[in-house]
Amino acid sequence: MSKSGYPIYKNIKKYQLTHDFGVLLGYTCSDGMAHTKTINVFLKKLKNTNMRYALFLVIVFLAACQSSESINSLDATLNGAKTDTKLIVEGPGYSKDFTIVEGVIKDTFIIQRSGLYSFIYQRNRLQAFLEPGQAIKFEGDAKDLQTSAEFEPPHQKVWDYYKAKKDITSKYLSQRRLFGLEPNEFLASLEAGSKLVDSLLAVGDLPSELVSLEKERIQIDEKKNTYIYPLATDKKIDDLSEQFQDPLAGVDLTDEEKFIENPSYAELVSTHFNIEMNQDTSAGYEDVFLKRVSALPEGNIRNSILYGTMQYLLTPNERLDEFFTFFIEHSTNAKDIEKMKEQYDLFQSLTNGNLSPQFEYENYNGGTSALSDYRGKYVYIDVWATWCGPCI
(Lines give C-alpha, C1' and ligand atoms only; values in the text may rest on other atoms or scores of the structure.)
Protein backbone atom coordinates (compact mmCIF):
# COMPACT_ATOMS: atom_id res chain seq x y z
CA MET A 1 0.00 0.00 0.00
CA SER A 2 1.11 3.57 -0.66
CA LYS A 3 0.89 6.42 1.84
CA SER A 4 -2.25 7.66 0.10
CA GLY A 5 -4.02 4.40 0.87
CA TYR A 6 -4.21 3.28 -2.76
CA PRO A 7 -2.55 0.08 -3.87
CA ILE A 8 0.73 0.90 -5.58
CA TYR A 9 -0.35 -0.63 -8.87
CA LYS A 10 -3.36 1.70 -8.97
CA ASN A 11 -1.09 4.69 -8.53
CA ILE A 12 1.04 3.43 -11.38
CA LYS A 13 -2.01 3.07 -13.63
CA LYS A 14 -3.22 6.51 -12.62
CA TYR A 15 0.17 8.02 -13.41
CA GLN A 16 0.36 6.19 -16.74
CA LEU A 17 -3.08 7.48 -17.74
CA THR A 18 -2.13 11.04 -16.89
CA HIS A 19 1.14 10.65 -18.74
CA ASP A 20 -0.59 9.25 -21.84
CA PHE A 21 -3.01 12.18 -21.93
CA GLY A 22 -0.16 14.63 -21.53
CA VAL A 23 1.63 13.01 -24.44
CA LEU A 24 -1.51 13.34 -26.55
CA LEU A 25 -1.80 17.02 -25.80
CA GLY A 26 1.83 17.44 -26.79
CA TYR A 27 1.24 15.61 -30.07
CA THR A 28 -1.81 17.63 -31.02
CA CYS A 29 -0.34 21.05 -30.38
CA SER A 30 3.33 20.55 -31.22
CA ASP A 31 2.99 18.37 -34.29
CA GLY A 32 -0.18 19.96 -35.59
CA MET A 33 -2.21 16.75 -35.75
CA ALA A 34 -3.47 14.06 -33.40
CA HIS A 35 -1.96 10.62 -33.78
CA THR A 36 -5.09 8.53 -34.40
CA LYS A 37 -3.69 5.20 -33.25
CA THR A 38 -2.38 6.68 -30.00
CA ILE A 39 -5.71 8.41 -29.36
CA ASN A 40 -7.64 5.18 -29.80
CA VAL A 41 -5.37 3.29 -27.41
CA PHE A 42 -5.70 6.05 -24.84
CA LEU A 43 -9.48 6.31 -25.08
CA LYS A 44 -9.87 2.56 -24.65
CA LYS A 45 -8.19 2.88 -21.25
CA LEU A 46 -11.05 5.07 -20.05
CA LYS A 47 -13.97 3.03 -18.76
CA ASN A 48 -16.32 5.99 -18.39
CA THR A 49 -18.09 6.69 -21.72
CA ASN A 50 -18.84 10.33 -20.88
CA MET A 51 -15.21 10.93 -20.01
CA ARG A 52 -14.15 9.32 -23.29
CA TYR A 53 -16.43 11.64 -25.23
CA ALA A 54 -15.33 14.75 -23.34
CA LEU A 55 -11.65 14.00 -23.75
CA PHE A 56 -12.13 13.16 -27.42
CA LEU A 57 -13.65 16.61 -27.98
CA VAL A 58 -10.74 18.24 -26.13
CA ILE A 59 -8.24 16.38 -28.30
CA VAL A 60 -10.05 17.32 -31.50
CA PHE A 61 -10.10 20.94 -30.38
CA LEU A 62 -6.39 20.92 -29.60
CA ALA A 63 -5.62 19.25 -32.90
CA ALA A 64 -7.33 22.15 -34.61
CA CYS A 65 -5.06 24.64 -32.87
CA GLN A 66 -2.58 24.07 -35.71
CA SER A 67 -4.21 24.32 -39.13
CA SER A 68 -2.70 22.57 -42.11
CA GLU A 69 -1.61 25.98 -43.40
CA SER A 70 0.92 26.31 -40.58
CA ILE A 71 2.63 22.97 -41.23
CA ASN A 72 5.87 23.14 -43.22
CA SER A 73 6.76 20.31 -45.57
CA LEU A 74 10.31 19.15 -46.25
CA ASP A 75 11.26 17.23 -49.39
CA ALA A 76 15.03 16.76 -49.51
CA THR A 77 17.18 14.47 -51.63
CA LEU A 78 20.80 14.01 -50.58
CA ASN A 79 22.33 11.75 -53.18
CA GLY A 80 24.80 9.35 -51.60
CA ALA A 81 23.75 10.00 -48.01
CA LYS A 82 23.71 6.92 -45.81
CA THR A 83 20.45 5.71 -44.33
CA ASP A 84 19.88 6.77 -40.71
CA THR A 85 22.21 9.76 -40.95
CA LYS A 86 20.63 13.06 -39.89
CA LEU A 87 19.71 16.36 -41.43
CA ILE A 88 19.36 19.06 -38.77
CA VAL A 89 17.05 22.03 -39.24
CA GLU A 90 17.85 25.03 -37.03
CA GLY A 91 16.22 28.44 -36.85
CA PRO A 92 14.93 31.08 -34.44
CA GLY A 93 14.24 29.10 -31.26
CA TYR A 94 13.90 25.89 -33.27
CA SER A 95 15.91 22.71 -33.84
CA LYS A 96 14.87 19.32 -35.16
CA ASP A 97 16.65 16.24 -36.52
CA PHE A 98 15.33 14.43 -39.60
CA THR A 99 16.40 10.88 -40.42
CA ILE A 100 17.55 10.24 -43.97
CA VAL A 101 16.28 7.02 -45.59
CA GLU A 102 17.98 5.98 -48.83
CA GLY A 103 19.08 9.56 -49.42
CA VAL A 104 15.60 11.05 -49.03
CA ILE A 105 13.59 12.97 -46.43
CA LYS A 106 9.88 13.57 -46.84
CA ASP A 107 8.45 14.97 -43.63
CA THR A 108 6.58 17.83 -42.02
CA PHE A 109 7.49 20.23 -39.23
CA ILE A 110 6.11 23.33 -37.57
CA ILE A 111 7.91 26.62 -37.04
CA GLN A 112 6.48 29.42 -34.95
CA ARG A 113 8.08 32.37 -36.73
CA SER A 114 9.51 33.48 -40.04
CA GLY A 115 13.25 33.78 -40.21
CA LEU A 116 16.59 32.42 -41.31
CA TYR A 117 16.82 28.62 -41.09
CA SER A 118 19.81 26.34 -41.64
CA PHE A 119 19.75 22.82 -43.05
CA ILE A 120 22.82 21.06 -41.70
CA TYR A 121 24.23 17.78 -42.96
CA GLN A 122 27.56 16.83 -41.44
CA ARG A 123 29.83 19.81 -42.28
CA ASN A 124 27.48 21.26 -44.90
CA ARG A 125 25.13 24.11 -44.09
CA LEU A 126 22.40 25.38 -46.41
CA GLN A 127 20.38 28.48 -45.57
CA ALA A 128 16.85 29.52 -46.45
CA PHE A 129 14.29 32.05 -45.33
CA LEU A 130 11.21 30.18 -44.14
CA GLU A 131 7.70 31.20 -43.19
CA PRO A 132 5.19 29.09 -41.23
CA GLY A 133 3.32 26.72 -43.55
CA GLN A 134 5.83 27.02 -46.37
CA ALA A 135 7.06 24.00 -48.36
CA ILE A 136 10.76 23.58 -49.05
CA LYS A 137 12.38 21.21 -51.51
CA PHE A 138 16.01 20.76 -52.49
CA GLU A 139 18.41 18.20 -53.94
CA GLY A 140 22.17 17.82 -53.94
CA ASP A 141 25.11 15.47 -53.50
CA ALA A 142 25.73 14.57 -49.87
CA LYS A 143 29.52 14.82 -50.20
CA ASP A 144 29.42 18.43 -51.40
CA LEU A 145 25.96 19.67 -50.54
CA GLN A 146 26.87 23.35 -50.27
CA THR A 147 28.12 23.44 -53.86
CA SER A 148 25.62 21.09 -55.50
CA ALA A 149 22.34 21.90 -53.72
CA GLU A 150 19.50 23.27 -55.81
CA PHE A 151 16.25 24.56 -54.29
CA GLU A 152 12.85 24.84 -55.84
CA PRO A 153 11.39 28.40 -55.99
CA PRO A 154 11.20 30.64 -54.08
CA HIS A 155 14.13 29.40 -52.01
CA GLN A 156 16.78 29.23 -54.75
CA LYS A 157 17.08 33.03 -54.87
CA VAL A 158 17.80 33.12 -51.15
CA TRP A 159 20.39 30.35 -51.45
CA ASP A 160 22.03 32.15 -54.39
CA TYR A 161 22.33 35.24 -52.19
CA TYR A 162 24.04 33.31 -49.38
CA LYS A 163 26.46 31.62 -51.79
CA ALA A 164 27.41 35.01 -53.24
CA LYS A 165 27.70 36.46 -49.73
CA LYS A 166 30.02 33.62 -48.75
CA ASP A 167 32.34 34.46 -51.65
CA ILE A 168 32.42 38.14 -50.63
CA THR A 169 33.04 37.20 -47.01
CA SER A 170 35.95 34.95 -47.98
CA LYS A 171 37.55 37.75 -49.99
CA TYR A 172 36.87 40.76 -47.77
CA LEU A 173 35.20 39.95 -44.45
CA SER A 174 36.56 36.71 -43.00
CA GLN A 175 38.27 37.21 -39.66
CA ARG A 176 41.27 35.24 -40.90
CA ARG A 177 41.77 37.91 -43.55
CA LEU A 178 40.71 40.98 -41.56
CA PHE A 179 42.87 40.32 -38.52
CA GLY A 180 45.96 39.95 -40.70
CA LEU A 181 45.62 43.52 -42.00
CA GLU A 182 46.94 46.81 -40.72
CA PRO A 183 44.27 49.12 -39.19
CA ASN A 184 43.64 51.22 -42.32
CA GLU A 185 43.57 48.12 -44.55
CA PHE A 186 41.20 46.45 -42.08
CA LEU A 187 38.74 49.36 -42.25
CA ALA A 188 38.96 49.53 -46.06
CA SER A 189 38.31 45.79 -46.47
CA LEU A 190 35.45 45.93 -43.98
CA GLU A 191 33.82 48.82 -45.84
CA ALA A 192 34.31 47.28 -49.29
CA GLY A 193 32.90 43.92 -48.27
CA SER A 194 29.91 45.44 -46.52
CA LYS A 195 29.04 47.53 -49.57
CA LEU A 196 29.21 44.48 -51.83
CA VAL A 197 26.90 42.47 -49.58
CA ASP A 198 24.52 45.43 -49.42
CA SER A 199 24.48 45.60 -53.23
CA LEU A 200 23.44 41.93 -53.36
CA LEU A 201 20.41 42.77 -51.23
CA ALA A 202 19.38 45.49 -53.67
CA VAL A 203 19.18 43.21 -56.72
CA GLY A 204 18.36 39.81 -55.26
CA ASP A 205 14.54 40.02 -55.27
CA LEU A 206 14.55 38.70 -51.71
CA PRO A 207 11.82 38.73 -49.03
CA SER A 208 11.66 42.18 -47.44
CA GLU A 209 11.95 40.69 -43.95
CA LEU A 210 15.17 38.93 -44.95
CA VAL A 211 16.59 42.11 -46.49
CA SER A 212 15.99 43.98 -43.23
CA LEU A 213 17.61 41.17 -41.23
CA GLU A 214 20.67 41.07 -43.48
CA LYS A 215 21.15 44.85 -43.44
CA GLU A 216 21.13 44.72 -39.66
CA ARG A 217 23.63 41.85 -39.75
CA ILE A 218 26.02 43.93 -41.87
CA GLN A 219 26.07 46.67 -39.23
CA ILE A 220 26.43 44.23 -36.34
CA ASP A 221 29.26 42.31 -38.01
CA GLU A 222 31.14 45.56 -38.63
CA LYS A 223 30.87 46.47 -34.94
CA LYS A 224 31.82 42.96 -33.82
CA ASN A 225 34.96 42.74 -35.97
CA THR A 226 36.04 46.27 -35.04
CA TYR A 227 35.57 45.36 -31.36
CA ILE A 228 37.66 42.18 -31.69
CA TYR A 229 40.41 43.63 -33.91
CA PRO A 230 42.64 45.17 -31.18
CA LEU A 231 42.44 41.97 -29.12
CA ALA A 232 43.14 39.66 -32.06
CA THR A 233 46.10 41.73 -33.28
CA ASP A 234 47.57 42.84 -29.92
CA LYS A 235 47.15 46.46 -30.98
CA LYS A 236 46.80 49.06 -28.27
CA ILE A 237 43.44 50.80 -28.57
CA ASP A 238 45.05 54.16 -27.70
CA ASP A 239 47.21 53.85 -30.83
CA LEU A 240 44.22 53.23 -33.11
CA SER A 241 41.90 55.67 -34.88
CA GLU A 242 38.52 56.83 -33.62
CA GLN A 243 36.66 53.99 -35.35
CA PHE A 244 38.21 51.51 -32.92
CA GLN A 245 37.29 53.46 -29.79
CA ASP A 246 34.38 51.69 -28.08
CA PRO A 247 32.62 50.37 -31.23
CA LEU A 248 29.87 48.82 -29.09
CA ALA A 249 28.80 52.14 -27.58
CA GLY A 250 25.01 52.36 -27.61
CA VAL A 251 24.55 48.67 -28.51
CA ASP A 252 22.03 46.86 -26.31
CA LEU A 253 23.49 43.45 -25.53
CA THR A 254 20.45 42.20 -23.62
CA ASP A 255 17.81 41.91 -26.36
CA GLU A 256 16.36 38.40 -25.91
CA GLU A 257 14.27 38.41 -29.11
CA LYS A 258 17.07 39.71 -31.32
CA PHE A 259 19.36 37.06 -29.86
CA ILE A 260 17.01 34.40 -31.24
CA GLU A 261 16.23 36.06 -34.59
CA ASN A 262 19.61 37.49 -35.64
CA PRO A 263 22.63 35.12 -35.79
CA SER A 264 25.10 38.01 -35.99
CA TYR A 265 23.67 39.63 -32.87
CA ALA A 266 23.79 36.29 -31.02
CA GLU A 267 27.45 35.89 -31.99
CA LEU A 268 28.25 39.44 -30.86
CA VAL A 269 26.59 38.94 -27.47
CA SER A 270 28.37 35.61 -26.92
CA THR A 271 31.71 37.02 -28.07
CA HIS A 272 31.39 40.00 -25.74
CA PHE A 273 30.55 37.71 -22.81
CA ASN A 274 33.56 35.47 -23.49
CA ILE A 275 35.98 38.38 -23.86
CA GLU A 276 34.77 39.98 -20.64
CA MET A 277 35.02 36.63 -18.88
CA ASN A 278 38.56 35.93 -20.11
CA GLN A 279 39.66 39.34 -18.88
CA ASP A 280 38.34 38.55 -15.39
CA THR A 281 41.27 37.18 -13.37
CA SER A 282 39.49 37.11 -10.01
CA ALA A 283 39.38 33.29 -10.07
CA GLY A 284 39.99 30.30 -12.32
CA TYR A 285 38.23 30.04 -15.69
CA GLU A 286 35.51 27.66 -14.52
CA ASP A 287 34.61 29.68 -11.42
CA VAL A 288 34.60 32.98 -13.31
CA PHE A 289 32.24 31.44 -15.83
CA LEU A 290 29.87 30.17 -13.14
CA LYS A 291 29.85 33.59 -11.47
CA ARG A 292 29.24 35.58 -14.64
CA VAL A 293 26.67 33.32 -16.28
CA SER A 294 24.64 33.11 -13.08
CA ALA A 295 24.50 36.93 -13.06
CA LEU A 296 22.79 36.98 -16.48
CA PRO A 297 19.00 37.38 -16.49
CA GLU A 298 17.02 34.21 -17.05
CA GLY A 299 16.25 33.76 -20.74
CA ASN A 300 17.55 32.86 -24.19
CA ILE A 301 20.94 34.53 -23.79
CA ARG A 302 21.81 32.80 -20.54
CA ASN A 303 20.53 29.44 -21.81
CA SER A 304 22.66 29.63 -24.95
CA ILE A 305 25.88 30.77 -23.27
CA LEU A 306 25.40 28.29 -20.43
CA TYR A 307 24.86 25.32 -22.75
CA GLY A 308 27.59 26.34 -25.19
CA THR A 309 30.29 26.42 -22.51
CA MET A 310 29.00 23.70 -20.18
CA GLN A 311 29.29 21.12 -22.99
CA TYR A 312 33.05 21.46 -22.57
CA LEU A 313 33.19 21.91 -18.80
CA LEU A 314 31.05 18.85 -18.10
CA THR A 315 33.71 16.14 -18.22
CA PRO A 316 34.44 13.08 -16.10
CA ASN A 317 36.32 14.84 -13.30
CA GLU A 318 35.82 15.73 -9.65
CA ARG A 319 33.50 18.66 -10.50
CA LEU A 320 31.13 16.66 -12.68
CA ASP A 321 28.26 16.65 -10.17
CA GLU A 322 28.80 20.31 -9.26
CA PHE A 323 28.69 21.51 -12.87
CA PHE A 324 25.68 19.37 -13.76
CA THR A 325 23.73 20.61 -10.72
CA PHE A 326 24.61 24.20 -11.62
CA PHE A 327 23.38 23.67 -15.17
CA ILE A 328 20.06 22.18 -14.08
CA GLU A 329 19.49 25.06 -11.64
CA HIS A 330 20.21 27.81 -14.18
CA SER A 331 18.95 26.55 -17.55
CA THR A 332 15.29 26.86 -18.56
CA ASN A 333 15.70 25.13 -21.95
CA ALA A 334 14.14 21.65 -21.74
CA LYS A 335 16.01 20.29 -24.79
CA ASP A 336 19.37 21.51 -23.48
CA ILE A 337 18.66 19.94 -20.11
CA GLU A 338 17.78 16.62 -21.76
CA LYS A 339 21.00 16.63 -23.81
CA MET A 340 23.11 17.57 -20.81
CA LYS A 341 21.49 14.81 -18.76
CA GLU A 342 22.56 12.28 -21.42
CA GLN A 343 26.10 13.67 -21.32
CA TYR A 344 26.13 13.55 -17.51
CA ASP A 345 24.91 9.94 -17.41
CA LEU A 346 27.63 8.93 -19.85
CA PHE A 347 30.39 10.72 -17.98
CA GLN A 348 29.31 9.27 -14.64
CA SER A 349 30.40 5.89 -15.96
CA LEU A 350 33.75 7.33 -17.08
CA THR A 351 34.91 8.87 -13.81
CA ASN A 352 38.16 7.63 -12.30
CA GLY A 353 37.90 4.20 -10.70
CA ASN A 354 35.13 2.87 -12.96
CA LEU A 355 35.66 0.19 -15.57
CA SER A 356 36.01 1.57 -19.06
CA PRO A 357 33.21 0.89 -21.56
CA GLN A 358 34.19 -2.07 -23.72
CA PHE A 359 34.66 -1.82 -27.47
CA GLU A 360 36.15 -3.71 -30.39
CA TYR A 361 37.95 -2.39 -33.45
CA GLU A 362 39.69 -3.56 -36.60
CA ASN A 363 43.42 -3.63 -35.99
CA TYR A 364 46.23 -2.94 -38.46
CA ASN A 365 46.63 -6.66 -39.21
CA GLY A 366 43.05 -6.87 -40.45
CA GLY A 367 41.86 -8.77 -37.42
CA THR A 368 39.69 -7.65 -34.49
CA SER A 369 40.97 -6.44 -31.14
CA ALA A 370 39.07 -5.53 -27.99
CA LEU A 371 39.94 -3.22 -25.13
CA SER A 372 39.61 -6.19 -22.77
CA ASP A 373 42.60 -7.79 -24.56
CA TYR A 374 44.81 -5.23 -22.84
CA ARG A 375 43.47 -5.60 -19.31
CA GLY A 376 46.19 -4.84 -16.78
CA LYS A 377 48.25 -2.83 -19.29
CA TYR A 378 48.52 0.88 -19.99
CA VAL A 379 46.43 1.83 -23.03
CA TYR A 380 46.91 5.02 -25.05
CA ILE A 381 43.99 6.04 -27.26
CA ASP A 382 44.62 8.63 -29.98
CA VAL A 383 41.35 10.21 -31.17
CA TRP A 384 41.38 12.02 -34.52
CA ALA A 385 39.18 12.82 -37.50
CA THR A 386 39.74 12.28 -41.21
CA TRP A 387 38.77 15.90 -41.97
CA CYS A 388 41.33 17.30 -39.49
CA GLY A 389 44.60 18.01 -41.33
CA PRO A 390 46.75 18.49 -38.19
CA CYS A 391 45.27 15.29 -36.68
CA ILE A 392 46.48 13.20 -39.61
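Higher on the page you've got the structure.
What counts, and at which threshold
Residues numbered from 1 in each chain as written. Predicted model: local features only at pLDDT ≥ 70, side-chain atom pairs only at ≥ 80, totals over all residues. Heavy atoms only, no water. Core = buried A, V, L, I, M, F, W, Y, C linked by side-chain atoms within 4.5 Å. Buried < 20%, exposed > 50% of the residue type's maximum accessible area, 1.4 Å probe, protein only. Helix = DSSP H or I, 4+ residues; strand = E, 2+ residues; numbered from the N terminus. Contact = heavy atoms within 4.5 Å. Polar contact = N/O pair within 3.5 Å; in protein donor to acceptor, adjacent residues only side chain to side chain. Axes fitted to C-alpha atoms, helices over the stretch in contact; angles between N-to-C directions. Parallel < 35°, antiparallel > 145°, perpendicular 65-115°, else oblique. Left-handed = near helix turned anticlockwise from the far one by under 90°. Nonpolar A, V, L, I, M, F, W, Y, C, P; charged D, E, K, R; others polar. Salt bridge = Lys/Arg side-chain N within 4 Å of Asp/Glu carboxyl O.

Caption draft 1: The nonpolar core, seen in detail. By size, the foremost hydrophobic cluster in this structure holds 80 residues, and its most contacted members are Leu74, Leu78, Phe119, Phe138, Phe186, Phe289 and Met310. With 8 residues, the single largest contributor to this core is helix α8 (residues 208-233). Each residue touching phenylalanine 186, except ones within four places of it in the same chain, is listed here: Leu178, Phe179, Leu181, Asn225, Thr226, Tyr229 and Phe244.

Caption draft 2: Representation of the side chain of asparagine 72. Structurally, asparagine 72 is set in strand β1 (residues 72-79). Reaching out from asparagine 72, the side chain makes a polar contact with the backbone oxygen of glutamate 131 at a distance of 2.9 Å. Sequence-distant contacts of asparagine 72, that is, excluding residues within four places in its chain, are made with Asp107, Thr108, Phe109, Ile110, Ile111, Glu131, Pro132, Gly133 and Gln134.

Caption draft 3: Broad picture of the packing of α8 against helix α10 (residues 263-278). Viewed as axis vectors pointing N to C, α8 and α10 meet at an angle of 20°, and their least axial separation amounts to 9 Å. When the axis of α8 is compared with that of α10, the two are roughly parallel. When you trace α8 past α10, the crossing you get is left-handed. Counting all contacts with α8, which are made through Arg217, Ile220, Asp221, Lys224, Tyr227, Ile228 and Leu231, the residues of α10 involved are Pro263, Ser264, Tyr265, Glu267, Leu268, Thr271, His272, Ile275 and Glu276. Across the contact of α8 with α10, the residue classes tally to 8 nonpolar, 3 polar and 5 charged.

Caption draft 4: Layout of the pattern of salt bridges. According to the stated counting rule, one finds 21 salt bridges in the structure shown. With a closest N to O distance of 3.2 Å, arginine 217 and glutamate 214 form a salt bridge. Taken as a pair, arginine 217 and glutamate 214 lie in helix α8 at a separation of 3 residues, close to a single helical turn. Using a relative accessible area of 12% as the deciding quantity, one classes arginine 217 as buried. When its relative accessible area of 0% is taken as the criterion, glutamate 214 is described as buried. Linked by salt bridges that have partners in common, Asp75, Lys106, Lys137 and Glu152 make up one network.

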